[in-house]
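Each chain is listed here by its residues.
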Amino acid sequence: MSRISAGLQVLVLAAGAAATGAQAQGLVTTQKLSAALANELVGDSVAICAQKGYPVVAVVVDLDGVRQALLRGNGAPIHSMDNAYYKAYTVASLALSRKEETTKAIADRMAKAAPTTVPQTPLPNVTYAQGGVAIMAGGATIGGIGVSGAPGGNFDEECARAALAKIKDRVK
């Protein structure tokens, strides 16, 4: 190995170690709803839908996709347990990078996209069904809520939005 090549390798390794060390020393701060507020949000979503005659499930996730709160309303279909989570997970994981606020916005964008840009393999826990809404704080997404079980995703979304409106002043 030439001296120049060996010298370049040492420089690359040193730069890589310095970058890794700098990242290791920093902290990442994230925001998420408190347990009490997450529980209130799912409770309000289920109650709002129940008043309209829709038995639903509501799930709140943080940006890591971890369930913070879940409530299954009386008579909500069993498949809605998973579907509500998928909606919340989708909006928390996919909407963030494009500043989309709902699973409907994601689905609308993908419907207009060239076929070569749409994933051909299903992503785990991802659905494009309407009913997932981003939880926002200070203009940034901090999580997602998914509602499932109403007779249409538009009704699921309405219940989630109404519940979010009730807590908006406490998530600034």
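Bear in mind that the values here come from a model prediction, so they are computed numbers and not experimental data.

## So, the packing of helix 2 (residues 35-51) against helix 5 (residues 153-167)
At step 1: For the pair helix 2 and helix 5, the least separation of the axes is 8 Å and the interaxial angle reads 135°. If you check the angle between helix 2 and helix 5, you find them oblique. Read as a crossing pair, helix 2 and helix 5 show a hand that is right-handed. Residue-level contacts link Leu-37, Glu-40, Leu-41, Asp-44, Ser-45, Ile-48 and Cys-49 of helix 2 to Phe-155, Cys-159, Ala-160, Ala-162, Ala-163, Leu-164, Lys-166 and Ile-167 of helix 5.
At step 2: Among the residues making up the contact of helix 2 with helix 5, the classes are represented as 11 nonpolar, one polar and three charged.

## Some details on the packing of helix 3 (residues 79-98) against helix 4 (residues 103-112)
At step 1: Contact geometry for helix 3 and helix 4: axes closest at 9 Å, N-to-C directions at 60°. Considering the angle they form, helix 3 stands oblique to helix 4. As for how helix 3 packs across helix 4, the hand of that crossing is left-handed. Contact with helix 3, carried on its side by Lys-87, Thr-90, Val-91, Leu-94, Ala-95 and Arg-98, involves Thr-103, Ile-106 and Arg-109 of helix 4 and no other residues of that element.
At step 2: Here the contact of helix 3 with helix 4 is composed, by residue class, of four nonpolar, two polar and three charged.

## Considering the state of the cysteines
At step 1: The tally for this structure, following the rule as stated, stands at one disulfide.
At step 2: Note that Cys-49 is cross-linked by a disulfide to Cys-159, the S-S spacing being 2.0 Å. Taking the sign of the S-S torsion, 110° for the link of Cys-49 and Cys-159, the bridge is right-handed. Of this pair, Cys-49 sits in helix 2 while Cys-159 is found in helix 5, placing the two residues 110 residues apart along the sequence.

## Structural notes on helix 5
Side chains of residues three or four places apart in an α-helix project in the same direction, reflecting 3.6 residues per turn.
At step 1: The terminal C-alpha atoms of helix 5 lie 22 Å apart, and with 15 residues this matches the ideal 21 Å at 1.5 Å per residue to within 8%.
At step 2: Where helix 5 is buried, its residues touch helix 2, helix 3, helix 4, strand 3 (132-137) and strand 4 (140-148).

## Some thoughts on the pairing of strand 3
At step 1: Burial analysis of strand 3 places five of its six residues in the buried class, which makes it a mostly covered element.
At step 2: Pairing of strand 3 with strand 4 involves six bridges; the strand directions are antiparallel. Of the residues in strand 4, the one forming a bridge with Ala-137 is Ala-140.
At step 3: The hairpin formed by strand 3 and strand 4 contains two residues between the paired strands, and Gly-138 there has a positive phi angle of roughly 60°.

Calculation rules
Residues numbered from 1 in each chain as written. Predicted model: local features only at pLDDT ≥ 70, side-chain atom pairs only at ≥ 80, totals over all residues. Heavy atoms only, no water. Axes fitted to C-alpha atoms, helices over the stretch in contact; angles between N-to-C directions. Helix = DSSP H or I, 4+ residues; strand = E, 2+ residues; numbered from the N terminus. Parallel < 35°, antiparallel > 145°, perpendicular 65-115°, else oblique. Left-handed = near helix turned anticlockwise from the far one by under 90°. Contact = heavy atoms within 4.5 Å. Nonpolar A, V, L, I, M, F, W, Y, C, P; charged D, E, K, R; others polar. Disulfide = S-S within 2.5 Å. Expected span 1.5 Å × (residues − 1). Buried < 20%, exposed > 50% of the residue type's maximum accessible area, 1.4 Å probe, protein only. Pairing = 2+ DSSP bridges.

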